[in-house]
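One-letter residues, chain by chain:
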Amino acid sequence: MTNKETSWGHVADWYDEYLSLDTDSYHTKVVLPNLMRVMNILPTDRVLDLACGSGFFTKEFCKVSPNVVGLDISKELVDIAQKDLKEAHFIVSSADDLSDIKDGTINKIALVLAIQNIENVKKMFSECARVLVALGSIVIVMNHPTFRIPKKSSWGWDELQKKQYRRVDEYLSESKTSIDMHPGQKDKKETISFHRPLQYYFKLAFSAGFVATRFEEWISHKTSEKGPRKTEEDRTRKEIPLFLCLELRKNI
């Protein structure tokens, strides 16, 4: 498998338009405000937006710090980001190759909703540790790996108890799954998503010299339309988190 297979470059325009137009998206309503709170970026911080895509979060980082670097494997997405953000510096590269960045020059790294598309996570962690200053941090936001497993988790309805539940068919087994980016359309566009249990990320992070300093789980902000299952659907949204946020600090 090549890194290109996990890239979103072939859906760059669609992805950028989606983030720009959907003001009620999880990116806007859930991830962004929580991410900015957790990262607590200072004007003096040099920030790396790892797997930055079309620059949705890079743009917000630039509002706080004048020293922001965006990196993504997709040239198509980086081109879009550069067009809108002249003040940031962008690099086209995979997340496990930060060779264009000098040792110990980054204060904070953000990796948002992208770790599931990175194959060589071990090398990614070692590269992040290399470019971070002592006690620098990386904040990782991911689809919650306990409850959101591609094609192996789903919502279910218990008709007898009138309860909605989350069905999880596998968790500890690692897997890779082809994801259709345009379901139901003739022009099929796919990317690869990796599922790994939480211990996978912790073990690799610790071996690279990181310690965990924060662990949060974020729920959906949305509510169901009126109907017989609305109350129960809204209840379970508050019980089953969609996203996991992990802050790791370089322990040297």
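Whatever comes next refers back to the structure up there.
Keep in mind it's a predicted model, so treat the numbers as computed, not measured.

What counts and how
Residues numbered from 1 in each chain as written. Predicted model: local features only at pLDDT ≥ 70, side-chain atom pairs only at ≥ 80, totals over all residues. Heavy atoms only, no water. Helix = DSSP H or I, 4+ residues; strand = E, 2+ residues; numbered from the N terminus. Buried < 20%, exposed > 50% of the residue type's maximum accessible area, 1.4 Å probe, protein only. Contact = heavy atoms within 4.5 Å. Areas by Shrake-Rupley, 256 points an atom, 1.4 Å probe, with all protein chains shown as cover. Salt bridge = Lys/Arg side-chain N within 4 Å of Asp/Glu carboxyl O. Polar contact = N/O pair within 3.5 Å; in protein donor to acceptor, adjacent residues only side chain to side chain.

Chemist: An account of the overall build of the chain is needed here, citing residue identities and associated values.
Modeler: Counting its secondary structure elements, the chain contains seven helices and eleven strands. For the chain, the residues scored as buried account for 48% of the 252 residues in total. Put simply, of all contacts in the chain between residues at least 6 apart along the chain, 67% involve residues at least 24 apart. About 12800 Å² of surface is accessible on the chain, with carbon and sulfur atoms providing 51% of the total.

Chemist: I'd like to hear about unusual backbone geometry, residue by residue, with values.
Modeler: In this structure, alanine 51 takes a positive phi of about 55° despite not being glycine. Mapped onto the fold, alanine 51 is located in the loop between strand S1 (46-50) and helix H3 (56-62). Notably, leucine 135 is not glycine yet its phi reads approximately 70°, a positive angle. Relative to the elements of secondary structure, leucine 135 occurs in strand S5 (residues 132-143).

Chemist: So what's going on with the pattern of salt bridges? Residues and values would help.
Modeler: Tallying each qualifying case throughout the model produces 14 salt bridges. Ionic pairing is found between aspartate 45 and lysine 108, a salt bridge with its closest N-O pair at 3.0 Å. Linking aspartate 45 in the loop between helix H2 (26-39) and S1 with lysine 108 in strand S4 (residues 106-112), this pair joins segments that are 63 residues apart in sequence. Ionic pairing is found between aspartate 234 and arginine 237, a salt bridge with its closest N-O pair at 2.8 Å.

Chemist: With reference to specific residues and values, describe the side chain of glutamate 232.
Modeler: Mapped onto the elements of the fold, glutamate 232 is located in helix H7 (residues 230-237). In this structure glutamate 232 comes out as buried when scored by relative accessible area, which is 9%. Within the structure, the side chain of glutamate 232 is placed 3.0 Å from the backbone nitrogen of glutamine 164, a separation counted as a polar contact. Within the structure, glutamate 232 has its side chain in polar contact with the side chain of arginine 235 (distance 2.6 Å). What glutamate 232 contacts, discounting residues up to four positions off in sequence, is Trp157, Lys162, Lys163 and Gln164.

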